[in-house]
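Topology and contacts: notes
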Amino acid sequence: MIFFDTLDSTNRYAKEHFGELEDGELVVAATQTAGRGRLNRKWFSPRGNVYASCVIRVKERPFAGIEACSVALLDLLSELAPGSPFYVKWPNDVFCENAKTAGLLSEFNGDGLIVGIGLNLNMSEADLLSVGQEAASVFSVSGRRYDPMECAARLEHAIRRILPLLRNDPQALFDRWRRANALIGKELEFVCSDGTIVRGVFRDVGADGALLLQTPDGVVTRYDCGDLRIRRK
Ligand code: BTN
């Protein structure tokens with residue numbers, strides 16, 4: 001693990017130093033000045049959380065790198081806050097109930113994937129309100145405080161533990177990731193990349209990680225990117 005007090009973005013650093021980083025090694029910063037999120041969003045990066053990026057050398061089906069990091073993150077969360085209902089919200093988020101706790105940002109460079117992980121660890125309810133969407137931290141869920149660097153080291157360990165599955169049994173990794181997608185079967189709104197909103201039932205994920213949404217007319221459509229919105233009753 002390489003640790004920095006401050007970086008603009010751990011993803012930017014990992015991308016630039018891709019060749020020097022080991023498979024599964026984390027680049028970690030205590031704070032980021034230009035943290036990046038999906039769809040060109042900013043990632044608010046105050047101290048106290050985990051900001052980490054890792055390199056995963058995978059050329060075929062790069063989405064497996066996201067599956068590996070998501071499953072590893074859930075493994076870590078089950079140790080940090082046992083019994084709390086964290087799950088994967090397709091494609092790249094970890095939620096607890098209706099609130100986002102972590103986001104993953106993947107960038108493929110032809111030789112492999114850089115997966116950035118932002119985990120809300122110690123943010124208070126007041127800080128979480130400034131995020132601009134319903135958000136939770138491990139602290140807000142469990143009531144416990146955590147050491148961000150220790151958690152980053154444990155995250156690296158969890159990622160390195162899962163990588164053999166990616167290499168040797170990708171189907172087993174996919175199955176674990178699929179099972180962690182707790183919104184499968186639920187009625188949701190899907191925001192397409194052009195902003196169109198489609199309502200339907202999240203039927204399943206395809207073998208390539210695509211979302212399969214069934215609209216009320218019975219038609220099932222595949223989506224590779226976009227955002228799911230949990231519908232309130
Ligand atoms: C998202 O949900 O939009 C993805 C957020 C990813 C944020 C992490 S923080 C560490 C890494 N460095 C970045 O600049 N972004 C990712």
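Everything in this summary refers to the structure shown in the same document. (Residues numbered from 1 in each chain as written. Predicted model: local features only at pLDDT ≥ 70, side-chain atom pairs only at ≥ 80, totals over all residues. Heavy atoms only, no water.)

**Regarding the site of the ligand**
Using the following cut-off: Here a residue counts as near a molecule or strand whenever at least one of its heavy atoms sits within 4 Å of it. In the analysis that follows, any N or O atom pair within 3.5 Å is treated as a polar contact, provided that within protein one partner can donate a hydrogen and the other can accept it, and provided that, for residues neighboring in sequence, both atoms belong to side chains. Residue burial considers only the protein chains on display, and all accessible areas are found by Shrake-Rupley using a 1.4 Å probe. Only DSSP runs of H or I with at least four residues qualify as helices, and only runs of E with at least two residues qualify as strands; both kinds are numbered from the N terminus onward. Gly counts as polar in this scheme, as do all residues outside two lists: the nonpolar Ala, Val, Leu, Ile, Met, Phe, Trp, Tyr, Cys and Pro, and the charged Asp, Glu, Lys and Arg.
With respect to spatial proximity, 20 residues lie near the ligand, and among them Ser9, Gln32, Arg36, Arg38 and Lys100 are the closest. At 2.9 Å from a nitrogen atom of the ligand is found a side-chain nitrogen or oxygen belonging to glutamine 32. Arginine 36 is positioned with one of its backbone polar atoms (N or O) 2.7 Å from a nitrogen atom of the ligand. In isolation the ligand has 420 Å² of accessible area, and contact with the protein removes 99% of it. Residue assignment for the shell around the ligand shows that the elements contributing at least two residues are helix H1 (10-16), strand S3 (50-56), strand S6 (99-108) and strand S7 (113-119). Take the shell around the ligand: its biggest share by element is four residues, from S6. When grouped by side-chain class, the residues that make up the shell around the ligand number six nonpolar, ten polar and four charged.

**As for the nonpolar core**
The criterion, for reference: Side-chain atoms within 4.5 Å link the members of a nonpolar core, which is a set of buried Ala, Val, Leu, Ile, Met, Phe, Trp, Tyr and Cys residues. Buried, partly exposed and exposed residues are distinguished by accessible area as a fraction of the type maximum, computed with a 1.4 Å probe on protein chains only: under 20%, between the cut-offs, and over 50%, respectively. Here, two residues are considered to be in contact whenever any of their heavy atoms come within 4.5 Å of each other.
Residues Leu73, Val115, Leu119 and Ile159 are the most contacted members of the largest nonpolar core, which totals 59 residues. Among the elements that take part in this core, helix H2 (residues 63-80) stands out by supplying twelve residues, more than any other. Sequence-distant contacts of leucine 73, defined by excluding residues within four places in its chain, comprise Val94, Ala102, Leu104, Ile117, Leu119 and Leu155. Of all hydrophobic cores here, the second largest spans nine residues; its members include Leu7, Ala14, Ala29 and Ile114.

**With respect to the sheet that holds strand S10 (residues 211-214)**
For the record, the criterion: A pair of strands is labelled paired if DSSP reports no fewer than 2 bridges between them. In this analysis, axes come from line fits to C-alpha atoms, helices being fitted only over the stretch in contact, and the angle between any two N-to-C directions falls in the range 0 to 180 degrees.
Read across the open sheet, the five strands follow the order S11-S10-S9-S8-S12; overall the sheet is antiparallel. Among the strands making up the open sheet, the edge pair consists of strand S11 (220-223) and strand S12 (227-230). Adjacent strand axes in the sheet meet at a mean angle of 50 degrees when their direction is disregarded. Bridge analysis of strand S8 (residues 187-191) against S12 gives four bridges, and the strand direction is antiparallel. Considered in S12, the bridge of valine 191 is made with aspartate 227.

**Re the packing of H2 against helix H5 (residues 148-168)**
A pair of packed helices can be characterised by two numbers: the angle between their axes and the separation between those axes. Which entries qualify depends on this criterion: Should an angle fall under 35 degrees it is taken as roughly parallel, and over 145 as roughly antiparallel, whereas 65 to 115 is taken as roughly perpendicular and any remaining angle as oblique. Handedness of each helix crossing follows the sense of rotation of the near helix against the far helix: counterclockwise by less than a right angle gives left-handed, clockwise gives right-handed.
Two elements in contact, H2 and H5, have axes whose closest approach is 8 Å; the angle formed by their N-to-C orientations is 130 degrees. The angle between the axes of H2 and H5 places the two elements in the oblique class. Note on packing geometry: the crossing formed by H2 with H5 is right-handed. Along the contact surface, H2 presents Ala64, Gly65, Ala68, Cys69, Val71, Ala72, Leu73, Asp75, Leu76, Glu79 and Leu80, while H5 presents Cys151, Arg154, Leu155, Ala158, Ile159, Arg161, Ile162 and Leu166. Residue classes in the contact of H2 with H5 are distributed as 14 nonpolar, one polar and four charged.

**Overview of unusual backbone geometry**
Here the residue pair tryptophan 90 and proline 91 is connected by a cis peptide bond, since its omega of 0 degrees sits within 30 degrees of zero. Looking at where proline 91 falls in the secondary structure, it is placed in the loop between strand S4 (86-89) and strand S5 (93-96). Backbone geometry places arginine 61, a non-glycine residue, at a positive phi of 50 degrees. Within the secondary structure layout, arginine 61 lies in the loop between S3 and H2. One non-glycine residue, glutamate 97, lies in the positive phi region at around 55 degrees.

**Some thoughts on the packing of aromatic side chains**
Definition in use: Between the rings of Phe, Tyr and Trp (Trp by its six-membered ring), a pair exists once the centres lie within 6.5 Å; its type follows the angle of the planes, with under 30 degrees stacked, over 60 edge-to-face, and the other angles tilted. When the NZ atom of lysine or the CZ atom of arginine is within 6 Å of a ring's centre and also within 35 degrees of its normal, the charge is said to sit over that ring.
One pass over the structure, following the stated rule, counts six aromatic pairs. Between phenylalanine 63 and tryptophan 177, the aromatic rings sit 5.1 Å apart at their centres with planes inclined by 80 degrees, giving edge-to-face as the arrangement. Of this pair, phenylalanine 63 sits in helix H2 while tryptophan 177 sits in helix H6 (residues 170-180), placing them 114 residues apart in sequence. Each member of the aromatic cluster is reached from another via a ring pair, and the members are Phe63, Phe174 and Trp177. Arginine 145 extends its terminal NZ or CZ atom over the ring of phenylalanine 139, reaching a point 3.7 Å from the ring centre.

**Looking at the side chain of serine 137**
For serine 137, the location among the structural elements is in the loop between helix H3 (125-129) and helix H4 (138-142). Accessibility expressed as a relative area gives 0% for serine 137, which makes it buried. Beyond its immediate chain neighbours, meaning those up to four positions away, serine 137 contacts Thr101, Asn120, Leu121, Asn122, Met123 and Leu128.

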